[in-house]
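# Close look at the chain arrangement
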Amino acid sequence: MLLFAMCQPLLAHEYKIGEIEIVRPWSRATPEGAKVAAGYAVIKNNGATPDRLVSVTGVIAGKAEIHEMAVDTKGVMTMRPLVDGLEIPAGGTVELKPGSFHIMFMNLRQAAKEGAAFTGALTFAKAGTVDVEFTVQGMGESGGHDKKHGGHGG
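## Notes on the packing of aromatic side chains
This structure, assessed with the given rule, holds four aromatic pairs. Centre to centre, the rings of W26 and Y40 are 4.5 Å apart; their planes meet at 35°, and the pair counts as tilted. Of this pair, W26 sits in strand β2 (residues 20–28) while Y40 sits in strand β3 (residues 36–45), placing them 14 residues apart in sequence. Across the pair, Y40 and W26 agree in class, each one buried. Both rings, one in F118 and one in F134, keep their centres 5.1 Å apart while their planes meet at 15°; by these two values the pair is stacked. Taken together, the residues span a long stretch of sequence, with F118 in strand β10 (residues 117–124) and F134 in strand β11 (residues 128–137) at a distance of 16 residues. Of the two residues examined, F118 and F134, each falls in the buried class. By way of ring pairs, the aromatic residues F105, F118 and F134 are connected into one cluster.

Structure follows, in structure tokens:
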């Protein structure tokens with residue numbers, strides 16, 4: 001039990017830079033030949049001032065952007081890049097999740113394979129750049145748990 005308690009922070013799949021905390025970065029598996037993949041995470045700002053996620057990278061992609069999905073007044077779902085980045089409010093949390101804010105990995109160099117992981121980086125206007133590892137879940141997963149770590153860490 002003591003060993004498990006000591007390892008709990010490692011199982012949480014969290015990253016921190018300055019006052020910014022990134023929790024459970026993940027992606028869905030893609031079929032061979034896919035040109036795009038999406039990335040998700042929970043981003044917490046524990047600071048007293050807002051920060052902004054301004055750029056992202058992923059080794060599996062030639063290009064990565066921060067995107068938003070939304071439904072317009074006519075019920076049509078749209079997706080657009082956030083060219084000015086995504087604000088993370090002071091003392092707030094923003095969840096990158098399917099159907100909402102997310103990272104779009106484009107011009108894939110390789111498929112995202114279930115059970116594997118790939119590295120990337122998130123750059124914030126104030127906090128700087130932090131390297132992360134995206135775990136790859138099944139195509140139908142919603143990100144509510146992290147199979148690789150048995151669901152530990154929230």
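## Considerations on the pairing of β11
Two strands pair when backbone bridges link them, and β2 and β11 are joined in this way by three bridges, in the parallel orientation. The partner of S27 across the bridge, within β11, is V136. Alignment of β10 against β11, held across eight bridges, turns out to be antiparallel. Bridge pairing in β11 places A117 opposite T135. Between β10 and β11, which pair antiparallel in sequence order, lie three residues.

## Some details on the nonpolar core
Residues I22, I43, L53, L86, F105, L122 and F124 are the most contacted members of the largest nonpolar core, which totals 29 residues. Looking at this core element by element, the count peaks at four residues for β11.

## Thoughts on the pattern of salt bridges
Overall, the coordinates contain four salt bridges when judged by the stated rule. Notably, a salt bridge pairs K113 with E32, separated by 2.3 Å at the nearest N-O pair. On the criterion of sequence distance, the pair formed by K113 in the loop between β9 (101–108) and β10 and E32 in the loop between β2 and β3 is long-range, its members being 81 residues apart. Residue K113 is classed as partly exposed on the basis of its relative accessible area of 47%. Classification of E32 by relative accessible area gives exposed; the value is 61%. A salt bridge links E68 to R80, with the nearest nitrogen and oxygen atoms 2.7 Å apart. Here E68, found in strand β5 (residues 61–71), pairs with R80, found in strand β6 (residues 77–81); they are 12 residues apart in sequence, far enough to count as distant. A relative accessible area of 46% places R80 in the partly exposed class.

## A look at the pairing of β3
Along any regular strand, the residues point their side chains to alternate faces of the sheet. Buried residues dominate β3, accounting for eight of its 10 residues. Note that β2 and β3 share six bridges and pair antiparallel. Paired with W26 across the two strands is Y40, which belongs to β3. Note: β3 against β9, four bridges, orientation antiparallel. Each bridged residue has a counterpart across the sheet, and for G39 the counterpart in β9 is I103. Pairing of β3 with strand β8 (residues 93–96) involves four bridges; the strand directions are antiparallel. Looking at the pairing, A41 lines up with L96 of β8.

Criteria and cut-off values
- Residues numbered from 1 in each chain as written.
- Predicted model: local features only at pLDDT ≥ 70, side-chain atom pairs only at ≥ 80, totals over all residues.
- Heavy atoms only, no water.
- Phe/Tyr/Trp six-rings, centres within 6.5 Å; stacked < 30°, edge-to-face > 60°.
- Helix = DSSP H or I, 4+ residues; strand = E, 2+ residues; numbered from the N terminus.
- Buried < 20%, exposed > 50% of the residue type's maximum accessible area, 1.4 Å probe, protein only.
- Pairing = 2+ DSSP bridges.
- Core = buried A, V, L, I, M, F, W, Y, C linked by side-chain atoms within 4.5 Å.
- Salt bridge = Lys/Arg side-chain N within 4 Å of Asp/Glu carboxyl O.

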